[in-house]
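# Architecture at a glance
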Amino acid sequence: MKVSCIFQTARSVTLEVENGSIFELEQPAEIYVNGALYGKTKRTITSIYGLKPETSYGIRVCCGGVEASLTVTTDTEFVTLNVREFGAKGDGVQDDTLFIQAAFMACPKQGRVLIPEGIYRITSLFLKDDLTVELAKGAVLSAETDRSRFPVLPGMIQGWDEESEYNLGTWEGNPLSMFSAVITGINVKHVVFYGEGVIEGNANAEPDNWWYNPKVKRGAWRPRMIFLNHCEDVVFQGIQVQNSPSWNIHPYFSDHLRFIDMKVLNPKDSPNTDGLDPESCRDVEITGVYFSLGDDCIAVKSGKIYMGAKYRRPCEDIVVRQCCMRDGHGSVTIGSEMAGGVKNLTVRDCLFLHTDRGLRIKTRRGRGKAAVIDGILFENIRMDHVMTPFVINCFYYCDPDGHTEYVRTREKLPVDERTPEIRTLVFHNIEAKNCHVAAVYMDGLPEQKIRKVIMEHVHVSYAADAREGLPAMMDGLEPCRKMGIYVNNAEQLTLRDVTVQGQDGEAFMLHGIDRMEKE
């Protein structure tokens, strides 16, 4: 067993326990700080709070009769600004937005804004450079739901030269006006937002609340819980985010981001409540996060058509590890808004539980030639009750023209400026049990085949009560149940130690494969 510190502040450290476990340890681990028992944990990623700045701590972890230890020295802290001293009451009655915002703006470099226990009613809080915020245990940032109290971020503002533009708001891959998020960062750097507290969106389906008629734009599009627009070097650690009006966490054209040891929670039937959607971002780490919600747990994006075609900024260098995805439509999804491309996505050491799909790629004709998906690696994944573990859909019927002949035809069309591409997908050491609909469903374009798929040590088995369903969302597809491995239109397909148990009919249904290696 090995224990390491993967993140620290002046008041906390986050540990990783490495013993071959995925997300949860087989036995609870005891954590000792300077010889005293701090607590127990079953998580491979766990955090310790209540520490002092610039102080060395001896940390010992005991699990299953094995011990590991390390020494950590906490960071420097210049001063703490308690929001109560700025006028915030945390009584659940007063609007505390202005008072907390004042503490944010007054906080110096290497300072800390402390939000202590209490319920703080707010609308939108805006981050600034060099800001550290601790949302303490028992502290709840409780968001208003009255649209009239939220600022609007315009979708696109034309520059004075009538050529340049400034994009603030966005909705499902298009530059459209949206309400500002509960926590909003625009062009900020070096931010840490951590702690044991909760950011509560208070969304529900009652009239005038966010989930009522969710597809209707009322004033502007629904806000996020956390929105980071053109930000750099931002960390969110430990916080619980719940009941979001729309996507929970949305980094947008931002770089060098970390999301560590968090919880993202929404009801199973909540609309468009994706967990964490990096869009046209670089260098994003998602570690030790628990997702349970009503849509895709993680969706990697890069613009629908306009933003992808103009800026051609892919989402790239994304690492997801030691996470648990539960109840969503897709555990990890690419697209469908990915006109700028997605490159170098690694997902490893994760649990996928009761989601509709494990890996889900959604693309279609019209996304454009910059919509290249490449360098996708899934390894050491355990799935249970995932209806279809692998779905690659190049005929996804989104957008107003989604049901046109151009999108849905299986005829080979000319490759042009509108044609997307999927290059390399690698799946290694994956076990999926109790699946329902299909083990693998991959459907590439006849004119632009999936370039390379490698599956090694992949084992799928079906639930005894497997139910019928659609493995992918496309026209002309009939519901199925317990279908094996279906791959259509791939240049190279490699299957090594790949098994499917309990399927109906053929285990392997392969069509339009140029080169095949099967062991």
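Refer to the structure above for everything that follows.
Residues numbered from 1 in each chain as written. Predicted model: local features only at pLDDT ≥ 70, side-chain atom pairs only at ≥ 80, totals over all residues. Heavy atoms only, no water.

## With respect to the overall build of the chain
Definition in use: Under the DSSP-based scheme used, a helix requires at least four consecutive residues in state H or I and a strand at least two consecutive residues in state E, with every element numbered from the N terminus. Each radius of gyration is computed over the set of C-alpha atoms, and the globule rule expresses the reference value as 2.2 Å times the number of residues to the power 0.38. Throughout, a contact is declared for two residues whenever any of their heavy atoms are within 4.5 Å. Areas reported as accessible are Shrake-Rupley estimates using a 1.4 Å probe. Residue values count occlusion only from the protein chains shown. In this tally, Asp and Glu contribute negative charge and Lys and Arg positive charge; neither His nor the terminal groups of the chain are included. Every charge is mapped to an atom, namely NZ of Lys, CZ of Arg, CG of Asp or CD of Glu.
Assigned secondary structure in the chain consists of three helices and 43 strands. For 519 residues, the compact-globule estimate of 2.2 N^0.38 gives 24 Å, and the chain sits close to it at 23 Å. For the C-alpha atoms alone, the extent of the chain along its principal axes is close to 65 × 65 × 40 Å. Considering only residue pairs separated by 6 or more positions, the chain has 73% of its internal contacts joining residues 24 or more positions apart. Carbon and sulfur atoms provide 47% of the accessible area of the chain, an area that totals close to 19600 Å². Each charge class in the chain can be summarised by its mean position, and for the 58 positive and 71 negative side chains these summaries are 1 Å apart.

## A short note on unusual backbone geometry
Leaving glycine aside, a negative phi is the common case for residues, and trans is the common case for peptide bonds. Omega for the bond connecting G335 with S336 falls within 30 degrees of zero, at 0 degrees, which places this linkage in the cis form. For S336, the position within the fold is in the loop between β33 (330-335) and β34 (342-353). Positive phi, close to 60 degrees, is recorded for D317, a residue that is not glycine. Note on placement: D317 falls in strand β31 (residues 315-321).

## Here we look at the sheet that holds strand β1 (residues 2-8)
The line we're drawing: Following DSSP output, two strands are said to pair if at least two bridges run between them. As a rule, the C-alpha atoms of each element are fitted with a line to give its axis, helices using only the stretch in contact, and angles between N-to-C directions run from 0 to 180 degrees.
Pairing is antiparallel across the open sheet formed by three strands, whose spatial order is β1-β2-β5. With partners counted over all chains shown, the strands left at the sheet margins are β1 and β5 (45-48), one partner each. Averaged over all pairs of adjacent strands, the angle between strand axes in this sheet comes to 30 degrees, irrespective of strand direction. The pairing of β1 with strand β2 (residues 13-18) spans six bridges and is antiparallel.

## Let's talk about the sheet that holds strand β7 (residues 66-73)
Read across the sheet, four strands follow the order β4-β3-β6-β7 without closing on themselves; strand pairing throughout is antiparallel. Each edge of the open sheet carries a strand with a single partner, namely β4 (36-43) and β7. The mean inter-strand angle of the sheet, taken between neighbouring strand axes irrespective of direction, is 25 degrees. As defined by bridge partners, strand β6 (residues 56-63) adjoins β7 across eight bridges and the pair is classed as antiparallel. By the bridge assignment for β7, C63 is matched with V66.

## Observations concerning the pairing of strand β19 (residues 183-186)
The two faces of the sheet receive side chains in turn, since in a regular strand these alternate between them. When strand β12 (residues 125-126) meets β19, the two strands line up parallel, connected through two bridges. Pairing of L125 across the sheet is with I183, part of β19.

## Details of the pattern of salt bridges
Defined as follows: A pair is scored as a salt bridge if a Lys or Arg side-chain nitrogen falls within 4 Å of a carboxyl oxygen belonging to Asp or Glu. Three exposure classes are used, based on accessible area relative to the maximum for each residue type with a 1.4 Å probe and protein chains only: buried under 20%, partly exposed in between, and exposed over 50%.
Within the structure shown, the criterion is met by 36 salt bridges. When the shortest N-O distance is used, the salt bridge between E285 and R258 registers 2.7 Å. You can see E285 sitting in strand β28 (residues 282-287) and its partner R258 sitting in strand β26 (residues 255-260), a full 27 residues away along the chain. Looking at R258, the relative accessible area reads 22%, which means it is partly exposed.

## Let's talk about the nonpolar core
Note the threshold: To qualify as a nonpolar core, a set must consist of buried Ala, Val, Leu, Ile, Met, Phe, Trp, Tyr and Cys residues joined through side-chain atoms within 4.5 Å.
Ranked by internal contacts, the top residues of the largest apolar core, which has 109 residues, are L141, F193, I199 and F427. Sorting elements by how many residues they give to this core places strand β42 (residues 483-501) first, with nine residues. Leaving out residues up to four positions away in the same chain, F427 has contacts with L359, F378, F390, M442, V453, I454, M455, E456 and V458. Of all hydrophobic cores here, the second largest spans 17 residues; its members include V3, V13, V17 and L70.

## Things to note about the packing of aromatic side chains
Applied cut-off: Stacked, tilted and edge-to-face pairs are distinguished by plane angle, under 30 degrees for stacked and over 60 for edge-to-face with tilted covering the rest, among Phe, Tyr and Trp rings (Trp via its six-membered ring) whose centres lie within 6.5 Å. In this scheme, the term charge over a ring applies when either NZ of a lysine or CZ of an arginine sits within 6 Å of the ring centre and within 35 degrees of the ring normal.
Here the structure, examined in full by the defined rule, presents 14 aromatic pairs. Note on F352 and F378: the rings are 6.4 Å apart at their centroids and 75 degrees apart in plane angle, and the pair reads as edge-to-face. Taken together, the positions of F352 in strand β34 and F378 in strand β36 (residues 372-384) put the pair 26 residues apart, joining distant regions of the chain. Judged by its relative accessible area of 0%, F352 falls in the buried class. Look at F378 and you get buried, because its relative accessible area is 0%. Measuring from ring centre to ring centre gives 4.8 Å for Y441 and Y486, while their planes differ by 10 degrees; the resulting arrangement is stacked. A residue pair is termed long-range when its members are at least 10 positions apart, and Y441 in strand β40 (residues 438-443) and Y486 in strand β42 qualify at 45 residues. For the pair formed by Y441 and Y486, the shared burial category is buried. In this structure, R60 packs its charged tip against the face of Y32, placed 4.4 Å from the ring centre. The ring of F508 carries the charged tip of K518 above its face, separated from the ring centre by 4.4 Å.

Geometric descriptors of this kind do not, in isolation, establish any biological role.
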